[in-house]
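Chain residues, written in single-letter form:
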Amino acid sequence: MSGARVAAILDLELDLPLADTPASRFLAWIAAGLIGLAVLALALALAADGAAWRIAREPVMVTVALPTRAEQPFTDLELGTVTQALRRLPGVAQVRVLAAQDVGRLVQPWLGTDATLSGLPLPCLIEIAYEPGFRPDPTMLPAELATAAPGATIDPETADAPHLDRAARVLRDVSLGAAGLIFMAMAVVVAAVTRMSLDLHQATVDLLRLMGASEDHVGRQFEQHALANALRGGLAGFAAAILLLAVAVTLLSLCPVPGLPDPELHLRDWLLLGCVPVVGALLTALVARRTARWGLRRIG
């Protein structure tokens, strides 16, 4: 659509005084709000889809802490029995018993830099690495540990890692569904406003038809009016949503949330977001024209 065409739509003169209809006065504001919400929902879906794609390709690492035994530490034979049992789990690529110095480096931040570790009963930690792309069953590891090493615990931060990609996929699907519902709401609002405007201006419509105006001509009046308001409101809503997204991405980059993947939107994602106001305007014009033509046939 050329710039001259867009300018002509935004500054059009209609045979019907649709701008004076009470409901039509708020159509641009309604379009701005719905388009802005649709942009935010789609951006959340794209960010969640990218996060799910990245998480699914990263190997899952789970840390297991064996029960502390100060009087009788775990022997090499006992550790070998536990690691062999863990290696039999599906998808396990590597099982490694962390050395004492590695365990010390993990617990040192909790004790303070000046604290000494000598004499402290350090836990025996086992690190489990799954194959890239494999998502372990969350019930299998605790069941195996209950048999091979009773009293062993799983680090909650690493235990939640296999569920992150599932949560990201659910968030993506919910956001896409929300965007679809927003477009459906826009179609319903446009249909209701068009039908109301047609009923209020029925006398003028009858006069135009007596003067020889065709059904297509009258339908285009409602179509162009809806398209102009959708473009005005859609561009305003799109600009507000992009500004809000920029602020949110900046805040998350400066103050990252633990356990939350960094939101990433690539050029393809921004191009898709730029299509939202265009799709909304075209949907509005189509619904307005179909509703007007149906109403014209109804009133004869």
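The structure we're discussing is the one just above.
Residues numbered from 1 in each chain as written. Predicted model: local features only at pLDDT ≥ 70, side-chain atom pairs only at ≥ 80, totals over all residues. Heavy atoms only, no water.

S.K.: Tell me what's going on with the side chain of T291, and back it up with residues and numbers.
M.R.: Mapped onto the secondary structure, T291 falls in helix 10 (residues 267–299). The exposure class assigned to T291 is buried, which follows from its relative accessible area of 15%. For T291, the side chain forms a polar contact with the main-chain oxygen of V287, separated by 2.7 Å. Aside from chain neighbours lying at most four places away, what touches T291 is A191, T194 and R195. (Helix = DSSP H or I, 4+ residues; strand = E, 2+ residues; numbered from the N terminus. Buried < 20%, exposed > 50% of the residue type's maximum accessible area, 1.4 Å probe, protein only. Polar contact = N/O pair within 3.5 Å; in protein donor to acceptor, adjacent residues only side chain to side chain. Contact = heavy atoms within 4.5 Å.)

S.K.: Break down the environment of R96 for me, citing the residues and quoting the values.
M.R.: With respect to the secondary-structure elements, R96 resides in strand 2 (residues 92–97). Judged by relative accessible area, R96 falls into the partly exposed class, the value being 34%. Counting along the chain gives 33 residues from R96 to T63, while the straight-line C-alpha distance between them is 9.7 Å.

S.K.: Summarise the sheet that holds strand 3 (residues 124–130); cite the residues concerned and give the values.
M.R.: Consider a sheet: its strands pair through backbone hydrogen bonds, and that pairing is either parallel or antiparallel. Strand order in the open sheet formed by four strands is 2-3-1-4, and the pairing between neighbours is antiparallel. Both outer strands of the open sheet, strand 2 and strand 4 (153–154), are each paired with one neighbouring strand and no more. Two strands pair when backbone bridges link them, and strand 1 (residues 61–66) and strand 4 are joined in this way by two bridges, in the antiparallel orientation. Paired with V64 across the strands is I154, a residue of strand 4. (Pairing = 2+ DSSP bridges.)

S.K.: A description of a nonpolar patch on the surface should follow, citing residues and the corresponding values.
M.R.: Nonpolar side chains collect at one region of the surface, where F26, W29 and I30 lie side by side and expose about 380 Å² of accessible area between them. Here I30 shows up in helix 2 (residues 27–56). Judged by its relative accessible area of 32%, I30 falls in the partly exposed class. (Patch = residues over 30% accessible without salt bridge, like charges linked within 9 Å, V, L, I, M, F, W, Y side chains within 5 Å. Areas by Shrake-Rupley, 256 points an atom, 1.4 Å probe, with all protein chains shown as cover. Salt bridge = Lys/Arg side-chain N within 4 Å of Asp/Glu carboxyl O.)

S.K.: Talk me through the environment of L89; I want residue IDs and the actual numbers.
M.R.: Its location among the elements puts L89 in the loop between helix 3 (76–87) and strand 2. Of the residues examined, L89 reaches a relative accessible area of 8% and is grouped as buried. Measuring from C-alpha to C-alpha, the distance between L89 and M140 comes to 7.7 Å, with 51 residues separating the pair along the chain. Residues contacting L89, with those up to four places away along its chain left out, are Y130, M140, L141 and E144.

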